[in-house]
Amino acid sequence: MDRNHVWHHLVNHKPFEENDPMMIVKGEGVRVWDAKGNEYLDAVSGAVWTVNVGYGRTEIADAVRDQLVTMNYFAQSAGNIPAAKFAQKLIEKMPGMSRVYYSNSGSEANEKAFKIVRQIAHKKFGGKKTKILYRERDYHGTTIATLSASGQEERRTQYGPFVPDFVAVPHCCEYRAQEGADLENYGVWAANQIEKVILEEGPDTVGALCLEPITAGGGIIEAPEGYWPRVQEICKQYDVLLHIDEVVCGLGRTGKWFGYQHYGIQPDIVTMAKGVASGYAAISCTVTTEEVFEAFKDDSDPRLGYFRDISTFGGCTAGPTAALVNMQIIEDEALLENVTHQGEYLRGCLNQLMEKYDVIGDVRGKGLFAGFELVKDRNTKEPVDETLPAAIAAHCMANGVIVGRTNRSFATLNNNICLSPPLIATRNDIDAIVQALDNALSDLT
Ligand SMILES: Cc1ncc(COP(=O)(O)O)c(C=O)c1O
């Protein structure tokens, strides 16, 4: 049935004519099983860093079931109890933020943010300030507008033309610093490149800057010291809204509730999805400050004086119900602390692998969010061909561990192995992941 009728995401179906696709049929803790009975340690939380609290959480399923039989759906133009409770609990963890707008996916949450920025441009700035800046190597989603805001050229191939007024700013990957960059003070230098773009475009045309707190699919890239305070300063100076895309880092992945909270900044808009309910229900949130929300409380024009957006399934109660229990689990089981602790251990293990294998050029990450770059030569940093990370991932899978890799995102930089196990991962789980990578690197390099 699957082979005949299901169109898989990101999959070339040609090989399926000979091979059965993998069917995942069961999950428990950090493990999943396929239809043939093979067991895997899932080191990427559902392949795309989503299942933060792990598989088989009956407490989430029970709460969702109870809510659905009471009240499953009503459009979010009205309120419902789990949406109100989750919004309050979420805002408690986000000082300075105030309002939660519900939708269903990371892409959609980002689209809402873009629409908020565009509408503010019309309401407050006479139709100027419509430009939204995004960073090379960041990804913000799969729709045409969010792809227009994504700095990964391979993902964009064959989907143009794109939406106007999305403008790229230079990446901030110290390991691959741009020619002429100030290597002593790379964070500040990279932030200053954003200012240059704002000045080139004209500050009165730029409405927002959209950034991942740590670039995820683009290669697990954390900006070095100095970057974020300067970014905040630039946004304030030019009246540019700071939109942080926490779709991957949100809800504990890096050891804090949100990635941006490591850097002492105050965003205007924060978007989140994947880990919000750990994949137990579809939910995403666009969270804003009260100031952004206030811009829409306008009774001067009854036709245009509010955010004229709706998302049908933003009114499903399953999402916020699952999200509430998900958050409670993170608190009750002290998972933020576990992430910090196990994350440090994981980084140490990956650094040891780097000492052993010259093919590893750089180890990066924060919390249970880590990865490394594979290079042909440490001096030239020439990336390996994408076939090597693909072979490493296949080797690990054959040995019962699922790891991730940058997958056709760039012309040449598809050379990263990525790890993001569920936040409940133990030291034994980390050891098993590292052992699988060690075996693969030993056999294949
Ligand atoms: C940083 C980031 N933003 C947005 C998205 C899009 O989320 P979704 O696939 O839920 O639309 C992703 C998906 O991987 C992501 O990594």
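Here the structure is a predicted model, which is why all the values come from computation and not from measurement. (Residues numbered from 1 in each chain as written. Predicted model: local features only at pLDDT ≥ 70, side-chain atom pairs only at ≥ 80, totals over all residues. Heavy atoms only, no water.)

K.L.:
Is there a simple way to explain the pattern of salt bridges in this structure?
P.N.:
Inspection of every chain in the model, using the stated rule, returns 27 salt bridges. Two residues, Lys 112 and Glu 108, come together in a salt bridge whose shortest N-O distance is 3.2 Å. Placement of both Lys 112 and Glu 108 in helix α5 (residues 106–124) is noted, with a separation of four residues, approximately one turn of the helix. Each of the two residues, Lys 112 as well as Glu 108, counts as buried. Among the salt bridges present, the one from Glu 201 reaches Lys 131, with a minimum N-O distance of 2.7 Å. In this pair, Glu 201 is assigned in helix α8 (residues 186–201) and Lys 131 in strand β5 (residues 131–135), connecting sequence segments 70 residues apart. A relative accessible area of 14% places Lys 131 in the buried class. Taken together, the salt bridges that share partners define one network made up of Glu 108, Lys 112, Lys 115 and Asp 309. (Salt bridge = Lys/Arg side-chain N within 4 Å of Asp/Glu carboxyl O. Helix = DSSP H or I, 4+ residues; strand = E, 2+ residues; numbered from the N terminus. Buried < 20%, exposed > 50% of the residue type's maximum accessible area, 1.4 Å probe, protein only.)

K.L.:
How should I be thinking about the layout of surface pockets in this particular structure?
P.N.:
Taken as a whole, the second largest pocket holds about 640 Å³ of empty space. Every residue lining the second largest pocket is counted, 24 residues in all, and those nearest its centre are Val 100, Tyr 101, Tyr 102, Phe 293 and Phe 307. Broken down by secondary-structure element, the contributors of at least two residues to the lining of the second largest pocket are α4 (81–92), β4 (99–103), β12 (284–288) and α10 (290–294). Broken down by element, the lining of the second largest pocket gets its largest block of residues, four residues, from β4. Along the lines of polarity and charge, the residues of the lining of the second largest pocket split into 13 nonpolar, eight polar and three charged. (1 Å grid on protein atoms, 1.4 Å probe; cavity = no way out; pocket = protein on both sides within 12 Å on 5 of 7 lines; lining within 4 Å. Points joined across faces, edges and corners; volume = space filled by probe spheres on them. Nonpolar A, V, L, I, M, F, W, Y, C, P; charged D, E, K, R; others polar.)

K.L.:
Mind showing me how you'd approach the packing of aromatic side chains here?
P.N.:
Tallying each qualifying case throughout the model produces eight aromatic pairs. Centre to centre, the rings of Trp 228 and Tyr 263 are 5.6 Å apart; their planes meet at 15°, and the pair counts as stacked. Here the residue Trp 228 occupies a position in helix α9 (residues 227–237), and Tyr 263 occupies one in the loop between β10 (241–245) and β11 (269–272), the gap between them amounting to 35 residues. On the basis of relative accessible area, Tyr 263 is assigned to the buried category, the value being 16%. Here Phe 296 and Phe 307 contribute two aromatic rings whose centre-to-centre distance is 5.5 Å and whose plane-to-plane angle is 65°, an arrangement assigned as edge-to-face. Of this pair, Phe 296 sits in the loop between α10 and α11 (318–332) while Phe 307 sits in the loop between α10 and α11; the two residues are eleven residues apart in sequence, bridging distant segments of the chain. Per residue, the accessibility class of Phe 296 equals that of Phe 307, and both read buried. (Phe/Tyr/Trp six-rings, centres within 6.5 Å; stacked < 30°, edge-to-face > 60°.)

K.L.:
Which parts of the structure should I look at to understand the sheet that holds strand β13 (residues 360–365)?
P.N.:
Note on sheets: strands pair through backbone hydrogen bonds, and any given pair is parallel or antiparallel. A sheet is described by the order of its strands in space; here four strands give the open sequence β13-β14-β17-β16, paired in antiparallel fashion. Each end of this open sheet is capped by a strand with a single partner; those strands are β13 and β16 (404–405). Note: β16 against strand β17 (residues 416–419), two bridges, orientation antiparallel. Its bridge partner lying in β17, Arg 405 is registered against Ile 417. (Pairing = 2+ DSSP bridges.)

K.L.:
How should I be thinking about the site of the ligand in this particular structure?
P.N.:
Looking at the ligand, the residues that line it are Ser 105, Gly 106, Ser 107, Asn 110, Tyr 139, His 140, Gly 141, Glu 212, Asp 245, Val 247, Val 248 and Lys 274. In this structure, Gly 106 approaches the ligand through a main-chain N or O atom, which is 2.8 Å from an oxygen atom. Ser 107 has a polar side-chain atom sitting 2.5 Å from an oxygen atom of the ligand. With the chains in place, 82% of the 390 Å² that the ligand exposes on its own is no longer accessible. Among the elements that line the shell around the ligand, the one with the most residues is α5, at three residues. (Near = heavy atom within 4 Å. Polar contact = N/O pair within 3.5 Å; in protein donor to acceptor, adjacent residues only side chain to side chain. Areas by Shrake-Rupley, 256 points an atom, 1.4 Å probe, with all protein chains shown as cover.)

K.L.:
Would you mind going over the nonpolar core with me for this structure?
P.N.:
Note on soluble globular proteins: their nonpolar side chains tend to be buried together. Judged by nonpolar contacts, the single largest core of 102 residues is most densely connected at Tyr 227, Val 231, Met 272, Leu 374 and Leu 437. Each of two domains, domain 1 (2–53 + 334–444) and domain 2 (60–332), supplies a minimum of three residues to this core. If we ignore the near neighbours within four places in the chain, the residues touching Val 231 are Ala 191, Ile 194, Leu 209, Leu 211 and Leu 242. (Core = buried A, V, L, I, M, F, W, Y, C linked by side-chain atoms within 4.5 Å. Domains from an automatic or database assignment. Contact = heavy atoms within 4.5 Å.)

K.L.:
Sorry if this is basic, but what is going on with the state of the cysteines here?
P.N.:
Every disulfide links exactly two cysteines, by a covalent bond between their sulfur atoms. Following the criterion strictly, the structure yields zero disulfides and no others. You can see Cys 349 has no disulfide; the closest cysteine sulfur is in Cys 396, sitting 14 Å from it. Overall, the relative accessible area of 9% leaves Cys 349 in the buried class. (Disulfide = S-S within 2.5 Å.)

K.L.:
Honestly, empty space enclosed by the protein in this entry has me stumped. Any pointers?
P.N.:
To find leftover empty space, a probe the size of one water molecule is rolled over the atoms. The final tally for this structure, using the stated rule, is two cavities of 30 Å³ or more. Taken as a whole, the largest cavity encloses approximately 60 Å³ of empty space. Contributing to the lining of the largest cavity are Arg 135, Glu 136, Arg 137, His 171, Cys 172, Cys 173, Pro 213, Ile 214, Thr 215, Ile 221, Glu 222 and Ala 223. Mapped onto the lining of the largest cavity, the elements with two or more residues apiece are β8 (214–215) and β9 (221–222). For the lining of the largest cavity, a count of residues per class yields six nonpolar, two polar and four charged. Volume-wise, the second largest cavity comes out at about 30 Å³. Around the second largest cavity sit Tyr 102, Ser 103, Ala 282, Ile 283, Phe 313, Gly 314, Cys 316, Gly 319 and Pro 320, which together line it. Those elements that provide at least two residues to the lining of the second largest cavity are β4 and α11. Within the lining of the second largest cavity, the residues separate by chemical class into six nonpolar, three polar and no charged.

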